[in-house]
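Structure assessment
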Amino acid sequence: MKKWVYEFAEGNANMRELLGGKGANLAEMTNLGLPIPNGFTVTTEACTDYYNQGKAISQEIIDQIFEALAKLEVKQGKKFGDPNDPLLVSVRSGARASMPGMMDTILNLGLNDISVEGFAQKTGNPRFAYDSYRRFIQMFSDVVMEMSKTFFEGILDSIKQAKGAKYDTDLTAEDLKEVIAKYKAIYAEKMGAEFPQDPKVQLMEAVKAVFRSWDNPRAIVYRRMNDIPGDWGTAVNVQAMVFGNMGNTSGTGVAFTRDPSTGEKGIFGEYLINAQGEDVVAGIRTPQPISKLAEDLPQCYEQFMEIAERLENHYRDMQDMEFTIQEGRLFFLQTRNGKRTAPAAIKIACDLVDEGKITPEEAVLRIEAKSLDQLLHPTFVAQALKNGEVIGQALPASPGAAAGKVYFSAEEAKEAHEERGEAVVLVRLETSPEDIEGMHAAEGILTVRGGMTSHAAVVARGMGTCCVSGCGDISIDEEAKVFSLGGYTFHEGDEISLDGSTGKIYKGLIETQDASVGGDFGRIMAWADEFRRLRVRTNADTPADTANAVRLGAEGIGLCRTEHMFFDPERIPKIRKMILSDTAEQREAALNELLPFQKGDFKAMYTALDGRPMTVRYLDPPLHEFVPTDPEDIKALAEDMGMTPEQVQQKCDDLHEFNPMMGHRGCRLAVTYPEIAKMQTRAVMEAAIEVQEETGKTITPEIMIPLVGDKKELKYVKDVVVAVAEQVKAEKNSDMQYHIGTMIEIPRAALMADEIAEEAEFFSFGTNDLTQMTFGFSRDDAGKFLDSYYSSKIYESDPFARLDQNGVGQLIQLAAQKGKATRPDIKLGICGEHGGDPSSVAFCHKVGLNYVSCSPFRVPIARLAAAQAAIEDK
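What you see is a predicted model, and the numbers here were worked out from it, not measured in a lab.

1. A word on the overall build of the protein chain
- Regarding its fold elements, the protein chain presents 34 helices and 31 strands.
- In terms of overall dimensions, the protein chain is globule-like: its C-alpha atoms have a radius of gyration of 31 Å, near the 29 Å expected for 874 residues.
- Taking the principal axes of the C-alpha coordinates as reference, the protein chain spans close to 100 × 60 × 50 Å.
- A burial count over the protein chain gives 57% of its 874 residues as buried.
- Of all intrachain contacts in the protein chain linking residues separated by at least 6 positions in sequence, the fraction that spans at least 24 positions is 69%.

2. Considering the packing of aromatic side chains
- Scanning the entire structure with this criterion turns up 25 aromatic pairs.
- Measuring from centroid to centroid gives 5.2 Å for Phe775 and Phe777, while their planes differ by 25°, and the two rings are stacked.
- Ring centres of Phe777 and Tyr795 lie 6.2 Å apart, and the angle between their planes is 70°; this geometry places the pair in the edge-to-face category. Of this pair, Phe777 sits in the loop between helix H30 (767-775) and helix H31 (783-791) while Tyr795 sits in the loop between H31 and helix H32 (808-822), and the two are 18 residues apart along the sequence.
- The positively charged end of Lys3 is found above the aromatic ring belonging to Tyr6, 4.8 Å away from the centroid.
- Lying across the ring of Tyr51, Lys793 places its NZ or CZ 4.5 Å from the centre.

3. As for the pairing of strand E3 (residues 89-95)
- Of all seven residues that make up E3, seven are buried, and the element is covered over most of its length.
- Here E3 shows no split at all, with Val89, Val91, Ser93 and Ala95 on one side and Ser90, Arg92 and Gly94 on the other all buried.
- Relative to strand E4 (residues 105-109), E3 runs antiparallel, the two being bridged by three bridges. The residue of E4 that forms the bridge with Val91 is Ile106.

4. Details of the environment of Met246
- For Met246, the position within the fold is in the loop between strand E5 (234-240) and strand E6 (251-258).
- Taking the C-alpha atoms as reference points, Met246 and Arg127, 119 residues apart in sequence, are found 8.4 Å from one another.
- If sequence neighbours within four positions are ignored, Met246 has contacts with Thr123, Asn125, Phe128, Asn274, Gln326 and Glu327.

5. Comments concerning the sheet that holds strand E24 (residues 535-539)
- Strand order in the closed barrel formed by eight strands is E24-E25-E26-E27-E28-E29-E30-E31, with parallel pairing between adjacent strands. When the angles between neighbouring strand axes are averaged without regard to direction, this sheet yields 25°.
- As paired strands, strand E25 (residues 557-561) and strand E26 (residues 614-617) are joined by three bridges and run parallel to one another. Counted as the bridge partner of Ile557 is Met614 from E26.

6. Structural notes on helix H23 (residues 631-641)
- Inspection of H23 places Ile634, Leu637 and Ala638 among the buried residues, and these make up the whole buried set. Projected onto a plane normal to the axis of H23, the buried residues spread over an arc of 105° and lie on a single side. Every exposed residue of H23 that faces more than 90 degrees away from the buried side is listed here: Glu632 and Glu639.
- Backbone geometry just after H23 places Gly642 at a positive phi near 65°.

7. Structural notes on the sheet that holds strand E1 (residues 5-7)
- Pairing is antiparallel in the open sheet, where five strands are placed in the order E1-E2-E5-E3-E4. Looking at the sheet topology across the chains shown, the edges are occupied by E1 and E4. If you compare each strand with its neighbour and ignore which way they point, the axes differ by 20° on average.
- In this structure, E1 lies alongside strand E2 (residues 39-42), joined through three bridges in antiparallel fashion. Within the sheet, the bridge partner assigned to Val5 lies in E2 and is Val42.

8. What to know about the environment of Asn733
- Locating Asn733 in the fold gives a position in the loop between helix H27 (711-731) and strand E28 (739-744).
- Sequence spacing of Asn733 and Ile689 is 44 residues, and the spatial spacing of their C-alpha atoms is 9.6 Å.

9. Side note on the side chain of Thr546
- By the secondary structure assignment, Thr546 is in helix H20 (residues 543-551).
- Excluding anything up to four places from it in sequence, Thr546 contacts Ala540, Ile557, Met605, Ala608 and Leu609.

10. Here's the deal with the side chain of Thr257
- Looking at the secondary structure, you find Thr257 in strand E6.
- We classify Thr257 as buried; its relative accessible area is 6%.
- A polar side-chain atom of Thr257 sits 2.5 Å from a polar atom in the side chain of Glu312.
- Every residue in contact with Thr257, bar those within four places of it in the chain, is listed here: Lys265, Gly266, Ile267, Ala308, Glu312, Asp317, Met318, Gln319 and Met321.

Rules and cut-offs
Residues numbered from 1 in each chain as written. Predicted model: local features only at pLDDT ≥ 70, side-chain atom pairs only at ≥ 80, totals over all residues. Heavy atoms only, no water. Helix = DSSP H or I, 4+ residues; strand = E, 2+ residues; numbered from the N terminus. Rg over C-alpha atoms; globule rule 2.2 N^0.38 Å. Buried < 20%, exposed > 50% of the residue type's maximum accessible area, 1.4 Å probe, protein only. Contact = heavy atoms within 4.5 Å. Phe/Tyr/Trp six-rings, centres within 6.5 Å; stacked < 30°, edge-to-face > 60°. Lys NZ or Arg CZ within 6 Å of the ring centre and 35° of its normal. Pairing = 2+ DSSP bridges. Axes fitted to C-alpha atoms, helices over the stretch in contact; angles between N-to-C directions. Arc of directions from axis to C-beta. Polar contact = N/O pair within 3.5 Å; in protein donor to acceptor, adjacent residues only side chain to side chain.

The structure is reproduced here in structure tokens:
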């Protein structure tokens, strides 16, 4: 019989895939002899089986759960459902990858109308017993039955108001009985049934709810953002309850062994006396710093510090720990490698190397490549900040600077950002996992409640989004879309700025600037460059982008899109004249006007590259993208060309295509109008020869012909290029070498790569178009329907963001093999957006490409991902 359930003592830290991260760590801590409440884990395989059985738990799994529960009863000396002294448990999820705030927790499970009275008598603390029951009803209703929390929050707030109570802890046992009665009444009204009284039913419904939560919309979004496969499933941890809400010698807290924002060594955390775990994480009351525990409960503090150090030394990494103190006795509820900001991750990794705990290779593997985005996020311009008016200050929960328009709901924040392109600051009483997409859309997040370990803080740090939390001075009305702070009132659409590094809140917009990187970042990058095999280039079309990418470690340009150079107001009329010309002579005359601009651009790029290589892609987009649509522009162009506006309009209309992305573009333009390729070749070669003479740096131009699908097509354009290149060399008395290659972006080109390699000296995989044509998706329109594919589990991720390794990847692998068979020294690279995606970079390493090319700010991500791929390959 298969084993679906493991007691904590039966597992260890290496069983993450089966027991999930939380279960594996609870097992490890149990085996280390630490004070862990007893319990058991239902495996991730049981979750997968639940979905395979059409969302049902098999009888075999149910039997094993109750066998484990019986053993837990023996250990605890209490019976589940006992009316006088009931065993109560918590039910928590735990996937193998940490998903903070994504999954749901239920505490105090096992209480009912009868056992709560026995529990009150047994503990001699009626207030605590009824507080535990009301929390259980609220959590069970929310997590298991999916009733809105607002029903319960409304009841609690109205009773607190009626009793003149500021905090939950001010309510008496009698007050809490009133709360429970109202909770049960609203439950019966909304659910059409009484609140379940059988603890066994409660437990199985809770287990099912955890399995269901693996597939709730926010979990799916989080997985898509963090490349977590949907078939991993989550484990369920059932653990004997310990209570932090038993009075002033009890409490609960969250702590890190190093500061998760800065990486500084030393315990960083907070706790609440007389509270349960969700109070700290949800930020319902603003907690005390952990150092205050030394005054409140000195023995617990000493024991806590000793265990925290032991855990960090054991796991050789910064730990994120949850603990509860029950009547002066300390218990650890979980530990995990803590989520941290990118600056903290880099500092911690370097410090751990210096402390002799890990190797440089391990340090490189410890940093999530995607998280480097955070390091490159903006800060405020110092001069602008001097004039900023501070209207409040709260906790600096996640670093960076943000300025934007205020929105009060996740939906409105997302809409403003995605549909209107606005910079958004999300302002909430407190965030919850449902807000994930709005948080993702926001430049910054501001919350009224919550500490440094609240949901908003943890999730914002993970995303690299600026966050200021726990600003209790704010008076907010989310329904009316208004808040006031520092003597000012702000409505939806008003502008504020946040400093996530200091916690300061400013009135109006303050100018931001890009971050600069230093010391420890340089060490990590130097190690990464030492370990990686893949080269990293950038996609850049301007000298400024080029210089920025070089500063961030780019080793050249893998894609210079020449068409981007034509949209300048001074140049666009000239390209339009070329497009609307009737003869080759007219076209050449218009192109000769463009030649100095194109050559000047290339000279500036080659100068900025300082001897590094550049792959120049010839004109790619369909010509209709350049023609005027505004009547004034049409009129001006008509006058310039001696035509009527009607004639110009007709020519523009004639260029219209039903499917332009598969139309007259790329090399097809050069086949029809070879003079375009001639002008671009002259511009590249003249620029390269002149910069080489001026700087003394050797330059070898790389000319890339786009959208090739056939060897003869490439040869036709290549012959044009070679003729002009040789002519320019003769004119300038130069012996410059140059290479001609192609983009592989049509599936047919991948299939014919052995023939195409007879003419091409290099391949660059244009994965944006290759993905588009392999899937038959328009990349501009796919976003409209891909959400349905995610929710229906057809696809897990956006194929334009993360390379489809099974389909598109197979074409890349095939083309690479075929190209090398014909030309063993062929150079292979990738220049689509996938070049900066860590999982796609790992794939490029695996299939033997020479380089990846990505946007400038993703260059450090690609460098680190390439190193991680090489280390893991060992």
